[in-house]
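# Architecture and fold: a report
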There are 2 protein chains.
Amino acid sequence: MDAMGGDHAPEITVHGAVWAARDFGFQVQLIGKPDIIRLELQKHNITGLSLPIIPASEVIEMDDHNPASSVKAKKDCSMVVGAQMLKQGETSAFVTMGNSGGALAAALLHLGRIRGIRRPAFSTVYPCVSEHGFCFVLDIGANADCKPEYLYQFALMGSAYTERVLGIMNPRVAIVSNGEEEGKGSMLVQDTLPLLKSGPFNFVGNVEGKDIPAGLADVVVTDGFTGNVVIKLSEGLAKMLLDTIKSEIKARPLAMAGAVLAKPAFTAVGKMLDYREFGGGALLGVNGVVIVGHGRSDAYAVRNAIRIARQAVESDVIGVIKSGLGA
Amino acid sequence: MDAMGGDHAPEITVHGAVWAARDFGFQVQLIGKPDIIRLELQKHNITGLSLPIIPASEVIEMDDHNPASSVKAKKDCSMVVGAQMLKQGETSAFVTMGNSGGALAAALLHLGRIRGIRRPAFSTVYPCVSEHGFCFVLDIGANADCKPEYLYQFALMGSAYTERVLGIMNPRVAIVSNGEEEGKGSMLVQDTLPLLKSGPFNFVGNVEGKDIPAGLADVVVTDGFTGNVVIKLSEGLAKMLLDTIKSEIKARPLAMAGAVLAKPAFTAVGKMLDYREFGGGALLGVNGVVIVGHGRSDAYAVRNAIRIARQAVESDVIGVIKSGLGA
């Protein structure tokens with residue numbers, strides 16, 4: 001666990017790590033400045049828990065707009081130390097709520113890609129109306145410009161991850177396009193279709209924007225530009241809608257009384273949209289389990305990101321991806 | 001008015017045209033099969049209204065997946081007749097709720113582009129949290145693959161339209177990207193930035209997905225692939241959220257009672273999201289006012305699309321775009 005990454009580090013990261021160690025009964029290594037981590041640990045009852053501190057003297061800041069060069073300059077930052085530990089087999093997974101560009105750079109530089117993978121992808125779980133209540137979207141921002149082969153590999157990795165880590169058997173894989181028909185799509189989408197049809201996964205065709213929340217696919221493949229717009233637009237639109245409903249209710253005394261009665265329903269909707277349930281998204285394609293969570297994560301999200309990391313390790317998703325590439 | 005286009009034509013298109021003729025006091029020409037239109041007109045009191053029928057014997061169907069070739073084959077379809085009337089000055093504007101690909105093909109073939117415009121763009125009004133309550137998004141689907149010059153021209157046309165037709169003075173123009181920082185973006189976005197900075201409009205930089213509903217720009221410029229995903233995702237997500245809230249409320253008797261009290265607040269939110277207020281989006285870049293509405297439009301949406309067409313004619317938005325190109 002990168003103890004130093006995220007908007008509320010180290011308080012929240014250490015809290016979440018303690019929570020995970022207690023709930024899941026395994027060791028959580030805390031990477032960062034020892035004095036600071038020790039102070040945070042004192043706030044918790046950690047009797048019987050295994051929470052060793054791994055020293056790292058530097059930090060990639062959340063608002064660092066050039067994290068790739070910072071990762072090169074700060075050789076003893078928590079992200080570099082985490083990536084090196086993974087590389088050397090000193091840990092099974094690396095989890096961070098820090099600067100995602102920094103996590104990508106550190107993983108590429110010090111851990112490397114799975115042999116044969118052209119580009120790693122950021123991924124996330126996305127709430128939708130399906131049997132499972134979510135789908136899996138990638139790439140959400142690692143590669144603004146993609147080639148067909150990248151997208152094919154995203155499909156391969158996303159399918160393996162969704163089945164092994166998220167527990168959806170034979171997941172339906174689709175590519176985002178501007179129309180459901182096969183003739184639709186950018187040149188990139190059209191050039192990718194033949195590859196996707198030939199892949200060792202359950203490819204179901206194109207999905208439009210509206211089909212993502214409607215749950216028409218379990219694995220939603222797209223380039224990092226479109227995927228990033230999809231995720232951030234969804235966040236922004238959900239917030240705008242819920243804020244607008246709240247303010248319209250507050251403007252009306254009777255509606256206000258009604259809303260008190262309706263509150264449990266809103267709580268249920270909020271839980272459905274709660275990114276914290278999955279804690280973080282995998283950085284897929286690097287040669288080890290790396291989970292990157294939201295910068296504004298709280299301790300519960302951190303705990304769940306560590307849970308997801310364990311599932312990724314236990315299901316050997318990296319091995320599954322490797323064997324899929326060989327296929 | 002294309003009397004034959006849309007999921008509920010000709011009933012709804014004729015009804016909307018009658019409504020517009022009555023409310024706005026000008027002539028609405030009804031293009032389509034005369035017998036059918038006449039039957040529909042009989043359902044309304046049209047005393048004193050000017051609603052001439054312009055014969056067109058063929059129709060581009062809504063589910064036609066190759067409308068471009070249908071437009072070539074069906075020389076007497078309502079869309080071709082409408083585009084030809086515009087070209088020959090026999091009407092001031094053409095409004096359709098029909099197949100958007102058909103409208104695009106008919107306009108390109110029989111009306112043509114504004115001299116100097118490389119590609120026309122579909123546009124729409126998008127609800128957001130700004131002073132005006134909406135922004136203007138283009139291209140939402142005419143061009144899946146774009147070049148920097150196209151996006152520059154979309155910005156120019158969008159700015160003119162937003163100021164002249166939608167009434168937002170000196171609108172803030174932004175380009176969609178995967179990050180607010182200048183260094184972010186696909187190659188297309190990065191290559192377009194210098195052009196946008198030099199344009200005769202109020203360019204304010206990059207916006208992320210979340211910034212669109214947050215109202216950080218008045219004119220949101222993007223390629224037709226991303227724009228299409230943005231619009232359709234927004235539709236789908238809003239529907240999923242509101243449906244989920246409804247079903248969670250219905251599952252709880254107390255919440256149900258509360259929702260009755262809170263209903264006026266929900267109605268206000270629904271009105272905000274109601275695409276019918278603007279009726280349709282302009283097809284910008286063709287050499288005349290063409291408004292394309294949602295296939296599932298009702299009569300109120302048709303009326304408003306005709307209203308928007310009038311505003312576009314009266315504000316001479318085509319002339320403004322032409323002079324902007326010369327600048």
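Residues numbered from 1 in each chain as written. Chains lettered and ligands numbered in written order. Predicted model: local features only at pLDDT ≥ 70, side-chain atom pairs only at ≥ 80, totals over all residues. Heavy atoms only, no water.

### Topic: the domain arrangement of chain A
All names here are of chain A.
- Entries for chain A in the domain assignment read domain 1 (1-117 + 285-327) and domain 2 (123-275).
- Look at where the C-alpha atoms of domain 1 and domain 2 centre, and you get two points 25 Å apart.
- In this complex, domain 1 contributes 19 residues to the contact, which on the side of domain 2 involves 11 residues.
- Taken together, the connections running from domain 1 to domain 2 amount to 1 salt bridge.
- For the salt bridge of Glu 235 with Arg 296, the shortest nitrogen-to-oxygen distance reads 3.9 Å. (Domains from an automatic or database assignment. Contact = heavy atoms within 4.5 Å. Salt bridge = Lys/Arg side-chain N within 4 Å of Asp/Glu carboxyl O.)

### Observations regarding the interface of chain B and chain A
- Taken together, the contact pairs 54 residues of chain B with 54 residues of chain A.
- Summed over both partners, the interface of chain B with chain A comes to about 4600 Å²; 79% of that surface belongs to carbon and sulfur atoms.
- Ranking the residues of chain B by area buried against chain A places Phe 225, Leu 233 and Met 240 of chain B at the top, with a combined share of 14%.
- Put simply, chain B and chain A have 2 salt bridges between them.
- Here Glu 208 of chain B makes a salt bridge to Lys 232 of chain A, at a shortest N to O gap of 2.3 Å.
- Here chain B and chain A share 6 residue pairs in polar contact (both at pLDDT 80 or more) between them.
- Looking at the side of chain B that touches chain A, the elements that each hand over two or more residues are strand 4 (121-127), helix 7 (187-197), helix 8 (224-250) and helix 9 (253-273) of chain B.
- The leading source of residues in the side of chain B that touches chain A is helix 8 of chain B, at 18 residues.
- Within the side of chain B that touches chain A, the residues separate by chemical class into 34 nonpolar, 13 polar and 7 charged. (Buried area = accessible area lost by both parts, 1.4 Å probe. Polar contact = N/O pair within 3.5 Å; in protein donor to acceptor, adjacent residues only side chain to side chain. Helix = DSSP H or I, 4+ residues; strand = E, 2+ residues; numbered from the N terminus. Nonpolar A, V, L, I, M, F, W, Y, C, P; charged D, E, K, R; others polar.)

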